[in-house]
Amino acid sequence: MTASEIRNSFLTFFESKQHKIVDSAPMVVKDDPTLMFTNAGMNQFKDIFLGNAPAKFPRVANSQKCLRVSGKHNDLEEVGHDTYHHTMFEMLGNWSFGDYFKKEAIDWAWEYLTEVLKIDKSCLYVSIFEGDAKDGIERDEEALEYWKNHVPENRIINGNKKDNFWEMGDTGPCGPCSEIHVDLRSSDEKEQIPGENLVNKDHPEVIEVWNLVFIQYNRKADGSLVPLPQKHVDTGMGFERLCRVIQGKMSNYDTDVFQPVIQKISSISDIKYGNSPESDIAMRVIADHIRTISFAITDGQLPSNNKAGYVIRRILRRAVRYAYTFLDLKKPFMGELLPELIATMGTAYPELENRKELIQKVVKEEEDSFLRTLSTGITLLDKIIKDTRENDYKVVDGKVAFELYDTFGFPLDLTELILKENGLVVNRKEFETEMEAQKTRARNAAAVETDDWVVLTNDDTEEFIGYDFLDSEIQLVKYRKV
Ligand code: ATP
Ligand code: MG
Ligand code: MG
Ligand code: MG
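Here the structure is a predicted model, which is why all the values come from computation and not from measurement.

Student: Break down the overall build of the chain for me, citing the residues and quoting the values.
Tutor: For the chain, the count of helices and strands is 16 helices and 15 strands. Taken over C-alpha atoms, the radius of gyration comes to 23 Å for the chain, in line with the 23 Å a tight globule of 482 residues would show. Taken along its principal axes, the extent of the C-alpha atoms in the chain is 60 × 55 × 50 Å. Here the analysis covers contacts within the chain between residues at least 6 apart in sequence; of these, 71% occur between residues at least 24 apart.

Student: For the nonpolar core, give the residues involved together with the corresponding values.
Tutor: In terms of nonpolar packing, the biggest core is built from 110 residues, with A109, L212, I286, I290, A319 and A323 touching the most fellow members. For A323, the contacting residues outside a window of four places in its chain are A282, I286, L329 and F333. V396, A401, L412 and I418 belong to the second largest nonpolar core, which has 17 residues in total.

Student: Let's hear about the pairing of strand β7 (residues 156–159): which residues, and what values?
Tutor: Of the two faces of β7, only one is covered, namely that formed by I157 and G159; the face formed by I156 and N158 stays uncovered. Looking at chain direction, strand β6 (residues 124–129) and β7 are connected through four bridges and run parallel. Across the sheet, residue S127 finds its bridge partner in β7, namely I157. In this view, the connection linking β6 to its parallel neighbour β7 by way of helix α4 (residues 141–148) has right-handed handedness.

Student: I'd like a description of the domain arrangement of the chain, backed by residues and values.
Tutor: By the assigned domains, the chain splits into domain 1 (3–246) and domain 2 (258–437). Each of domain 1 and domain 2 has a C-alpha centre, and the two are 31 Å apart. Listed per partner, the contact involves 17 residues of domain 1 and 18 residues of domain 2. When grouped by side-chain class, the residues that make up the side of domain 1 that touches domain 2 number nine nonpolar, six polar and two charged.

Student: Which residues make up the site of ligand 1, and what are the values?
Tutor: In the vicinity of ligand 1 lie 16 residues, with D75, F89, N211, G236 and G238 positioned nearest. When residues of the shell around ligand 1 are traced back to their parent elements, those giving at least two are β5 (88–97), β10 (206–219), β11 (225–238) and α7 (239–246). Sorting elements by how many residues they give to the shell around ligand 1 places β10 first, with four residues.

Student: So what about the pairing of strand β2 (residues 59–67)? Which residues, and what values?
Tutor: For β2, the buried fraction is high: eight of the nine residues fall into the buried class. In this structure, strand β1 (residues 20–21) lies alongside β2, joined through two bridges in parallel fashion. Note on β2: the bridge partner recorded for K20 is V60. Direction of pairing for β2 relative to β5: antiparallel, over a ladder of nine bridges. Looking across to β5, one finds that A61 is bridged to N94.

Student: Tell me about the environment of D23, and name the residues and values.
Tutor: By secondary structure assignment, the location of D23 is in the loop between β1 and α2 (46–49). Residue D23 is classed as exposed on the basis of its 10 C-beta neighbours within 10 Å. Expressed as a C-alpha distance, the spacing of D23 and K65, which sit 42 residues apart in the sequence, is 9.8 Å.

Conventions adopted
- Residues numbered from 1 in each chain as written.
- Chains lettered and ligands numbered in written order.
- Predicted model: local features only at pLDDT ≥ 70, side-chain atom pairs only at ≥ 80, totals over all residues.
- Helix = DSSP H or I, 4+ residues; strand = E, 2+ residues; numbered from the N terminus.
- Rg over C-alpha atoms; globule rule 2.2 N^0.38 Å.
- Contact = placed C-beta atoms within 7 Å.
- Core = buried A, V, L, I, M, F, W, Y, C linked by C-beta atoms within 7 Å.
- Buried ≥ 20, exposed ≤ 12 C-beta atoms within 10 Å, placed from the backbone.
- Pairing = 2+ DSSP bridges.
- Right-handed = clockwise from strand over helix to strand, strands pointing away.
- Domains from an automatic or database assignment.
- Nonpolar A, V, L, I, M, F, W, Y, C, P; charged D, E, K, R; others polar.
- Near = placed C-beta within 6 Å.

Structure (structure tokens):
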């Protein structure tokens, strides 16, 4: 099946179960001070879960454009280095707002994967929440019973609070979840190490595909949990991961979601995909990042020097530098990838084609401007790396990172990435001091992104504990309850 067919089959399946198919919300969030980008399918339904808005339909399904590059979900470092985390990805989801609950969610997830897509049942593991005595939450026996109708007990795994209990923030709706993992290893490997030992262990071939969240509690300000009068289902499945499973590939990047773009990068750079680990990582990063940048621009977020715009600029500069260093691409080229991107994603997201010229223009301008200073910055950085190593130091002066930022346009995370490739780190504190000293722009001290959402309060139960990260004007202030 092609990626398009897989996406359609998901929507058709849930339509046949009386779900209303809705559009993806924009990936760029404009009206929520606690969230810059959509990071999960359920974001657009937040008010329904909070009880602030009625559900228009009791059952809904869609494919949602998500971006995970900041706050609680930041997968940026993984992208390109592993084969299953992207910055932007599509999350397939189905929801019940006070309608069906665990039984249907579990039965239908299983039916879709094993009967519609015919995934070999013996490759699948499921997890249930093991409970948490300290928090007074019981093991999810109910989910266990429903899973037992489909899965032998040795492939039902207990999961901890980190992986198997979802909370919107410090307070609000929450509940246990069940994840579905797929073991794509060869039978020899499976004999050596049982799959259950590798679930949620970052193994490249034992990967999480679907998360079924059962929202059944409300966490109150005092930390206690009360059962919700109306229970909800919120599921999210990684589309690119699913395509990889169905297409029998070793990597998301080997599916038809990414291959056309990767092949184009390969032809522009005249380097084969598979040539070396470094050039492969670079191609994967670029293929990932051009999607993110294109969809961000399409959704109205241009690269800029602050907030969400700077996140997009950082991603773009990261791609330019990977191309420059590892593929020897020293001129703008990213706009040339758009026809391939549109060929793979344009049918599901026609807005891409409509905004093609704008994307091309913006990307080219950004590349031009960064390429003007990139080589001088890299030469400077190379010298610093050499000096630091010769002196047997591991930590690079924060002032240097600041100069690279200020004069050469190197986002801090880019400098850190290059240093990491050379076994070095930067003194962040010094960088921040420099940044503070130079600061002329107003601070935005209100945005909080420690969870999927953080409810901003003015009461004194929260104390300021520091900056989450700092780049240009992005100052995410962390609070914790006191
Ligand atoms: P992981 O443990 O692999 O990081 P997660 O538990 O953080 O995933 P969820 O928040 O449960 O992910 O999101 C639901 C689904 O979205 C996951 O089961 C996975 O298939 C997919 N997914 C999550 N993050 C990414 C990503 N960065 N790129 C691609 N797919 C992702
Ligand atoms: Mg994750
Ligand atoms: Mg997980
Ligand atoms: Mg998960």
